[in-house]
Amino acid sequence: MKPERPLLRLGEFLVRQACQRLPREVREERYREWAAELPAILHDPQVRPAPRRAVRMLAYAADTVRGTAMTPPVRGRHRATRVSAGLDLFLAVGLVLVAWDIWDIMRAPGHALNYLQLTWALLLVAYPLSILVRSAGRVTVLISISSPLAGVVVSLWNAAQAPGDWVNYLWAAFLFLCSLAIWLADRWARGGHPGSAGSQRVPG
Amino acid sequence: MTGPLERVLGALLADPAAPRYGYDLMKAAGLPSGTLYPLLARLEQQGLVVSAWETPQQEGQRPRKYYQLTAGGIQTARLELAQASARRQRAPARPGRPVPGSLG
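Residues numbered from 1 in each chain as written. Chains lettered and ligands numbered in written order. Predicted model: local features only at pLDDT ≥ 70, side-chain atom pairs only at ≥ 80, totals over all residues. Heavy atoms only, no water.

## Re the overall build of chain B
- Within chain B, the regular secondary structure consists of four helices and three strands.
- When its helices and strands are written in sequence order, chain B yields α-β-α-α-β-β-α.
- The 104 residues of chain B split such that 39% are buried.
- Across chain B, the fraction of contacts at a sequence separation of at least 24, relative to all contacts at a separation of at least 6, is 53%.
- For chain B, the accessible area works out to roughly 5700 Å², and carbon and sulfur atoms hold 53% of it. (Helix = DSSP H or I, 4+ residues; strand = E, 2+ residues; numbered from the N terminus. Buried < 20%, exposed > 50% of the residue type's maximum accessible area, 1.4 Å probe, protein only. Contact = heavy atoms within 4.5 Å. Areas by Shrake-Rupley, 256 points an atom, 1.4 Å probe, with all protein chains shown as cover.)

Written out as C-alpha cells, the structure reads:
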C-alpha cells in the first residue's frame, strides 16, 4: 500500500475535526472544499521532495483546526444573543425608570430627590447605550436617541426653574417618547438582531 | 486592515480576472489555511469575493472551490491597499515595532 492513502486519511480526519466546530449549514461544504485541496497539496509538483509535500499537507489540515478553533462556536453565538437581549432589557428598565422619575418630577417639581433619581436612571440608561455604541453602524442611532434625551434633561431643568409652566413637562414627555420611538423603530428595523447593521468596510 | 487581509487582497488583485483556489492563494499570500479561509469567508459575506466550484476534469477527482474578486471587490481592494500603503508611508518607523503588514 502506498503511504499516500493513510496520509490523506489523516488529513481528512483533521479537516473533519475542524469542520465539526463550524455551523451545521456550512460544515459539509467547507469539508468538501478543504478536503479537495489535500491530494492537490500532496501532488504539488512545485514542492520537493515528497516528504516535504506530506508535511505541508498535514500542516494545512492541522491549521484548519486552528482556524475554526479561533472562530466563535455556535454556542458562543447563542450566548451573544442572550447578552444582547439582556442589554435590551437593561435599557428598557432604565427607560421606564426615567419615565417614572419624570412623572414624579411633574407631580412634585420642588423635590430635589426626584432629580437625583432621574440622574441615576439616566446613568442606568447610559451603560447599555455605551455598550451598544461599540457595535458598528450604531452611532447614528445612538445620536438620534440621545439627542431627545438631552432635550428631556433641558426641559426638566426648565421645569425646575419654573415649576408652574406645564409646557416644560409636555416637552419633556414628548421628547422622551421620541427617543423611545426611535429606539423601538431601530429594533424593529433590525429585526431584533443587534449589530446586524454593520458597516461596509473591508473586514479585518 | 490587517496584514493577512492585505496579503490576500494583494494576491487576488495580482490577476483579478483569474479565479484562484485556496491552496493557490495560500502560496501566493504566504498564509496558513487557518488564517486564509476565515478571511475568504468574511470577504465573501461582504460581497467582495465570489466563489464557484470547478467541474472535475477526471473521474474521481474532487472539485475545488475557486475564489475571485467581484467588480466592487476589485475597487474596494485597490482603495484599501492604496490607503494602507499611504498609512505606512506616513507612519514613522519605530524601533522594535513590527512593520505593519508583516504579521501573519
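Having seen it, we continue.
## Describing the overall build of chain A
- A count of helices and strands for chain A gives seven helices and zero strands.
- Moving toward the C terminus, one meets the helices and strands of chain A in the order α-α-α-α-α-α-α.
- For chain A, with 204 residues in total, the buried portion stands at 35%.
- Partitioning the contacts of chain A with sequence separation of at least 6, the portion at a separation of at least 24 is 61%.
- Carbon and sulfur atoms make up 67% of the accessible area of chain A, which amounts to about 12100 Å² in all.

## A closer look at the packing of helix α2 (residues 24-42) of chain A against helix α3 (residues 50-70) of chain A
All names here are of chain A.
- Look at α2 against α3: their axes get within 8 Å of each other, and the N-to-C directions meet at 160 degrees. As summarised for this structure, α2 and α3 are arranged roughly antiparallel, according to the angle between their axes. Considering the relative orientation of α2 and α3, their crossing is right-handed. Contacts between α2 and α3 pair Trp34, Glu37, Leu38, Ile41 and Leu42 from the former with Arg53, Ala54, Arg56, Met57, Tyr60, Ala61, Thr64 and Thr68 from the latter.
- Tallied by class, the residues present in the contact of α2 with α3 amount to eight nonpolar, two polar and three charged. (Axes fitted to C-alpha atoms, helices over the stretch in contact; angles between N-to-C directions. Parallel < 35°, antiparallel > 145°, perpendicular 65-115°, else oblique. Left-handed = near helix turned anticlockwise from the far one by under 90°. Nonpolar A, V, L, I, M, F, W, Y, C, P; charged D, E, K, R; others polar.)

## What about the packing of helix α1 (residues 3-14) of chain B against helix α4 (residues 71-90) of chain B?
Residues and elements named next belong to chain B.
- As a packed pair, α1 and α4 sit with axes 10 Å apart at the nearest point and diverge in direction by 130 degrees. By the angle between their directions, the pair α1 and α4 is classed as oblique. Between α1 and α4 lies a crossing of left-handed hand. Within the contact between the two elements, α1 uses Glu6, Leu9, Gly10 and Leu13 and α4 uses Ile74, Ala77, Arg78, Leu81, Ala84 and Arg88.

## Points about the sheet that holds strand β3 (residues 65-69) of chain B
Residues and elements named next belong to chain B.
- Read from one edge of the open sheet, three strands run β1-β3-β2, paired in antiparallel fashion. At either margin of the open sheet sits one strand with a lone partner, and together these are β1 (20-21) and β2 (49-53).
- As defined by bridge partners, β2 adjoins β3 across five bridges and the pair is classed as antiparallel. Within β3, the residue paired with Trp53 across the bridge is Lys65. (Pairing = 2+ DSSP bridges.)

## Section: unusual backbone geometry
- For the bond running from Arg48 of chain A to Pro49 of chain A, omega is -5 degrees, close enough to zero to count as cis.
- By the element assignment, Pro49 of chain A lies in the loop between α2 and α3.

## Some remarks on the side chain of Arg64 of chain B
Residue and element names in this part refer to chain B.
- Structurally, Arg64 can be placed in the loop between β2 and β3.
- For Arg64, a relative accessible area of 12% puts it in the buried group.
- A distance of 3.4 Å separates polar atoms of two side chains, one belonging to Arg64 and the other to Tyr21. (Polar contact = N/O pair within 3.5 Å; in protein donor to acceptor, adjacent residues only side chain to side chain.)

## Focus on the confidence of the model for chain B
All names here are of chain B.
- Looking at chain B, pLDDT values average 86 and 88% of them are 70 or higher.
- Between the elements of chain B, mean pLDDT differs from a low of 90, seen in α4, to a high of 95, seen in β3.
- Scoring the predicted complex yields pTM 0.54 and, for the interface, ipTM 0.81. (pLDDT = per-residue confidence, 0-100.)

## Considering the pairing of β3 of chain B
Residue and element names in this part refer to chain B.
- Alternating residues of β3 divide into Lys65, Tyr67 and Leu69, all buried, and Tyr66 and Gln68, none buried.
- Two strands pair when backbone bridges link them, and β1 and β3 are joined in this way by two bridges, in the antiparallel orientation. Looking at the pairing, Tyr21 lines up with Tyr66 of β3.

## Regarding the packing of aromatic side chains
- All chains considered together, the criterion is met by four aromatic pairs over all chains.
- Centre to centre, the rings of Tyr60 of chain A and Tyr37 of chain B are 6.1 Å apart; their planes meet at 85 degrees, and the pair counts as edge-to-face. With Tyr60 of chain A in helix α3 and Tyr37 of chain B in helix α3 (residues 33-45), this residue pair bridges two chains. With respect to burial, Tyr60 of chain A and Tyr37 of chain B carry one shared label: buried. (Phe/Tyr/Trp six-rings, centres within 6.5 Å; stacked < 30°, edge-to-face > 60°.)

## Re the confidence of the model for chain A
- When pLDDT is averaged along chain A, the result is 77; 78% of the residues meet or exceed 70.
- Contacts of residues 192-204 of chain A to residues separated by more than four positions or lying in other chains number 33 contacts, the stretch itself having pLDDT below 50.

## So, α3 of chain A
- In this model, α3 of chain A (21 residues) spans 30 Å end to end at C-alpha, consistent with the 30 Å of a helix rising 1.5 Å per residue.
- Among all positions in α3 of chain A, only Arg53, Ala54, Met57, Tyr60, Ala61, Asp63, Thr64, Gly67 and Thr68 of chain A are buried.
- Packed against the buried residues of α3 of chain A are α1 (4-20) and α2 of chain A together with α2 (22-29) and α3 of chain B. (Expected span 1.5 Å × (residues − 1).)

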